[in-house]
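Chain by chain, the residues:
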Amino acid sequence: MDEILIYKDAVEPIYQQLARHLRLQIESGRLAPGNKLPPTRDLARQLGIGRISVVNAYAQLQDNGLIAAHPGRGTFVTSAQPAPVPAEPIWAARDALNMSMREITRLARRPGVIAFSGGTPPEEFLPVEALRHAINTVLDRDGAAAVAYEEAEGYRPLRVSVAEYVTSLGIQCHPDDILITGGTQQALDLVVQSMLGEGDRLITGNPTYLGLLDIAHIRRVIPIGVPVDADGIRLDALQNAIDEHQPRLIYAAPTYHNPTGAVMPLHRRRQLLAIAKRHNIPILEDAVYHEMGYREDPPPPLKALDEDNIVLHASGFSKILLPGTRTGYVIANGPLRDRLARFKQAADVCTPALNQRAMHAYLASGALIGHLNRVRAELRARCEAAIEAAHQHLPPGSRWVDPTGGLYLWVQLPDEGPTAAELYVTAIEHGTAYAIGSLFHTDGSGNRHIRLNFAAHSPARIREGFERLGAAWHAWQHTYHPAAYRTPIL
Ligand SMILES: Cc1ncc(COP(=O)(O)O)c(C=O)c1O
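Every chain is numbered on its own, with residues counted from 1 as its sequence reads. Residues qualify for local features only when their pLDDT is at least 70, as the model is predicted, and side-chain atom pairs are given and counted only at 80 or more; totals for whole chains, interfaces and linings, by contrast, use all residues.

A. Representation of the overall build of the protein chain in the model. Under the DSSP-based scheme used, a helix requires at least four consecutive residues in state H or I and a strand at least two consecutive residues in state E, with every element numbered from the N terminus. Each helix and strand in the protein chain was counted, giving 16 helices and 16 strands. It is over C-alpha atoms that the radius of gyration is taken, and the globule rule equals 2.2 Å times the number of residues to the power 0.38. For 490 residues, the compact-globule estimate of 2.2 N^0.38 gives 23 Å, and the C-alpha radius of gyration of the protein chain, at 25 Å, lies within 12% of that figure. Exposed residues have 12 or fewer other C-beta atoms within 10 Å of their own C-beta, buried residues have 20 or more, and residues in between are partly exposed; the C-beta atoms are placed from the backbone. Residues counted as buried form 46% of the 490 residues belonging to the protein chain. C-beta atoms are placed from the backbone for every residue, and two residues are taken to be in contact when these atoms lie within 7 Å. Put simply, 72% of the contacts in the protein chain that link residues at least 6 apart link residues at least 24 apart.

Rendered as structure tokens:
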């Protein structure tokens, strides 16, 4: 048996860590059918853990059919086939989707197209002058250190600033608990890599953030989609999914969820935490849009309500500040934080020193609050323009919930008429683009949904773009269902 490393302070329970190690060794053939596992007492002593953890790990593997206990003789690896690794068709379909995604993105970049398809804030929101000032300050002050390697954990003063910043959101944490990452995306990826193995299940909302599905795909983790309603992940369905799939992690984006814009109310946040605690499943919280509300303040992040240290909080400065500096962070503590730092080191050594130091200088200048207030006011104006334009121009029967934060309007097209994918090329021909809803789904559903990043354009361009979209829909109906438009002859 290979060496097994158990982290006693990790969020992941000890017995699950052990079961995961053993499962990987069995599935990779390092523990072959017929091999005898050590008696629980011996393995517990060897690993310095409680015997009950070993008993629970063996019980889990036994339930999965990977090992069998023979009274009097011991516990053996069975000849059962390893647990199914991601069904190829799922990934094959996703590869096909990714291909078409590239094509879709290329089409949306055509000159003159008013594209609502992207996920970034508009360029005019980015505080370029303040960044120039911050970079110059850092280069003058730090010289070569500003362009040298940084610790894998991140530039210490930035970690202090982030700890102060998240305290303002209600999260108690020490700078040592913060790992600076290459954007929120890398924070999510590092957590998935360090906590899940190939074939493990990850719960997410359905629909969900496309970048999370990409991570699951690349890491060969199986995403289990749980339906989302106007208040976020549905907890009855979550409970069923846990019972059925024994997931190892729950991904939740409770505030201004991408793509739906849903905000999970306080009581549901507490219930979600209670469910995760009851089943000992860590939650990966994605809070990248938390500060982008333009109505009332959202409830506190899950991490602020987390009394059991069960939440890993990932966020970053892309949406509120500067996407291209790739500065994000994840909050975790103890051995798990160290493990994440090792994965970070292996991925890219460190987030560029200049970016981290410039971000620190910017935060230290106190300019963030003013910037956020300006961004929120502008987002609100754009959101109002989008809602008005949607009422006026989107096909009759379209449905949506007015967003209260974030960048997106999530629209369900009428049941009669083209699907989002069918309409896409006609929309491009009419000079506008959107993101196709099915891309955000774990099961390919959502083909009548579209996501519109209204924040990308001024109110006038939003009106123009939505008008083009409405015209595209009518043109499609005329082309393919002319009967629907024939005036009856009396
Ligand atoms: C929900 C969500 N999480 C994470 C990210 C990635 O953010 P970052 O640019 O900080 O990597 C995005 C970007 O679109 C997002 O929508």
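Next comes the rest of the account.
B. Focus on the site of the ligand. Being near a molecule or strand means, for a residue, that its C-beta atom, positioned from the backbone, comes within 6 Å of it. Looking at the ligand, there are 14 residues lining it, with Gly183, Thr184, Gln185, Gly316 and Ser318 nearest. Per-element tally for the shell around the ligand: the top contributor is helix α7 (residues 183-195), with three residues. Gly is placed with the polar residues, together with every amino acid not listed as nonpolar (Ala, Val, Leu, Ile, Met, Phe, Trp, Tyr, Cys and Pro) or charged (Asp, Glu, Lys and Arg). Its residues assigned to classes, the shell around the ligand shows four nonpolar, nine polar and one charged.

C. Representation of the environment of Leu61. With respect to the helices and strands, the residue Leu61 is situated in helix α3 (residues 51-63). Using a count of 23 C-beta atoms within 10 Å as the deciding quantity, one classes Leu61 as buried. Expressed as a C-alpha distance, the spacing of Leu61 and Asp286, which sit 225 residues apart in the sequence, is 31 Å. Sequence-distant contacts of Leu61, defined by excluding residues within four places in its chain, comprise Ala19, Leu22, Arg23, Leu66 and Ile67.

D. Focus on the packing of helix α5 (residues 128-142) against helix α13 (residues 353-364). Remark: α5 packs on α13, axes separated minimally by 8 Å, with the N-to-C direction vectors making an angle of 110°. Considering the angle they form, α5 stands roughly perpendicular to α13. Crossing of α5 against α13: the hand is right-handed. Only Leu354, Arg357, Ala358, Ala361 and Tyr362 of α13 make contact with α5, whose side of the interface consists of Ala130, Leu131, Ala134, Ile135, Thr137, Val138 and Asp142. Among the residues making up the contact of α5 with α13, the classes are represented as nine nonpolar, one polar and two charged. An axis is simply a line fitted to the C-alpha atoms; with a helix, the fit covers only the stretch in contact. Between two such axes, the angle follows the N-to-C directions and lies from 0 to 180 degrees. Our angle categories are set so that under 35 degrees counts as roughly parallel, over 145 as roughly antiparallel, 65 to 115 as roughly perpendicular, and the remainder as oblique. Each crossing gets its hand from how the near helix is turned against the far one by less than a right angle, where anticlockwise is left-handed and clockwise is right-handed.

E. Examining helix α8 (residues 210-219) more closely. For α8, the full list of buried residues reads Leu212, Leu213, Ile215 and Ala216. Viewed along the axis of α8, the buried residues span an arc of 155°, placing them on a single side of the element. The secondary structure elements touched by the buried residues of α8 are α7, β6 (201-206), β7 (222-229) and β9 (249-252). Of the residues trailing α8, Arg220 is marked for its positive phi of about 55°. Arc, as used here, means the arc of the directions from the helix axis to the C-beta atoms.

F. Broad picture of the domain arrangement of the protein chain. The source of the domain bounds is an automatic or database domain assignment. Under the domain assignment, the protein chain is made up of domain 1 (14-77), domain 2 (90-123 + 369-485) and domain 3 (126-366). Domain 2 and domain 3 are separated by 26 Å when their C-alpha centres are compared. Domain 2 puts 28 residues into the contact, and the matching count from domain 3 is 29 residues. If one sorts the elements of the side of domain 2 that touches domain 3 by residue count, helix α14 (residues 368-393) sits on top with eight residues.

G. How the structure looks around helix α15 (residues 420-429). Taken together, the buried positions of α15 are occupied by Ala420, Leu423, Tyr424, Thr426, Ala427 and Ile428. Gly431, located one to two residues past α15, shows a positive phi value of around 90°.

H. Quick peek at the packing of α7 against helix α12 (residues 334-348). Look at α7 against α12: their axes get within 9 Å of each other, and the N-to-C directions meet at 115°. Between α7 and α12, the angle is such that the two are roughly perpendicular. Like other packed secondary-structure pairs, α7 and α12 cross with a definite hand, here right-handed. Seen from α7, the contacting residues are Gln186, Leu190, Val191, Gln193 and Ser194; seen from α12, they are Arg339, Leu340, Phe343, Lys344 and Ala347.

I. Structural view of the confidence of the model for the protein chain. The pLDDT score gives, residue by residue, the confidence of the prediction method on a 0 to 100 scale. Residues with a pLDDT of 70 or more make up 92% of the protein chain, whose mean pLDDT is 90. Taken as a whole, residues 82-96 scores under 50 in pLDDT and shows 16 contacts with residues more than four places along the chain or in a different chain.

J. Representation of the environment of Gln412 within the structure. With respect to the helices and strands, the residue Gln412 is situated in strand β13 (residues 408-412). Given 16 C-beta atoms within 10 Å, Gln412 falls into the partly exposed group. Note: C-alpha distance between Gln412 and Trp400 (twelve residues apart in sequence) is 6.3 Å. The residues contacting Gln412, other than those within four sequence positions of it, are Ser398, Arg399, Trp400, Arg448 and His449.

K. Structural detail: the sheet that holds strand β10 (residues 283-286). In spatial order, the strands read β5-β12-β11-β10-β9-β6-β7-β8; together these eight strands make up an open sheet with mixed pairing. A strand with exactly one partner marks an edge of an open sheet, and here the two such strands are β5 (178-182) and β8 (232-233). A pair of strands is treated as paired once DSSP finds two or more bridges between them. Relative to β7, β6 is paired through six bridges, and the arrangement is parallel. Residue pairing in the sheet places Leu202 in a bridge with Pro223 of β7.

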